[in-house]
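Spelled out, the chains give:
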Amino acid sequence: MVSKPRLALGMLILAALAGGLLALLISLDVGAFWAKTLPLVFLAGGAAFAQSLGLFNKAPKD
């Protein structure tokens, strides 16, 4: 089962990092395609990676 606070915190961190990536891409004056695509790929890839590591799962109660 998914832990809602962990999921919210993890996605908040990923969103902040994606925003920083977007700011970096804009400051480097990349094309609009890359500025739109890379932060979304970063969010989706980071969430999939965190889920595969089990970071969003609830700890079992003893």
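Structure: see above.
Before going into details, it helps to say that this report is about the structure given with it. If you're wondering where the values come from, they're calculated on a predicted model, not measured in any experiment.

## Things to note about the overall build of the protein chain
Logical step 1: Helices and strands together make up the secondary structure of the protein chain, namely two helices and zero strands.
Logical step 2: Relative to the 2.2 N^0.38 estimate, which gives 11 Å for 62 residues, the radius of gyration of the protein chain is 14 Å and therefore markedly larger than a compact globule would have.
Logical step 3: Dimensions of the protein chain, computed from the C-alpha atoms along their principal axes, are close to 55 × 15 × 10 Å.
Logical step 4: Going through the 62 residues of the protein chain one by one, you find that 16% of them count as buried.
Logical step 5: Working note: accessible area of the protein chain is about 4700 Å², and carbon and sulfur atoms make up 74% of it.

## Points about the packing of aromatic side chains
Logical step 1: Taken as a whole and judged by the stated rule, the model has one aromatic pair.
Logical step 2: Judged by centre distance (5.0 Å) and plane angle (75 degrees), the ring pair of F33 and W34 falls under edge-to-face.
Logical step 3: Since its relative accessible area comes to 54%, F33 is described here as exposed.

Thresholds, definitions, all that
Residues numbered from 1 in each chain as written. Predicted model: local features only at pLDDT ≥ 70, side-chain atom pairs only at ≥ 80, totals over all residues. Heavy atoms only, no water. Helix = DSSP H or I, 4+ residues; strand = E, 2+ residues; numbered from the N terminus. Rg over C-alpha atoms; globule rule 2.2 N^0.38 Å. Buried < 20%, exposed > 50% of the residue type's maximum accessible area, 1.4 Å probe, protein only. Areas by Shrake-Rupley, 256 points an atom, 1.4 Å probe, with all protein chains shown as cover. Phe/Tyr/Trp six-rings, centres within 6.5 Å; stacked < 30°, edge-to-face > 60°.

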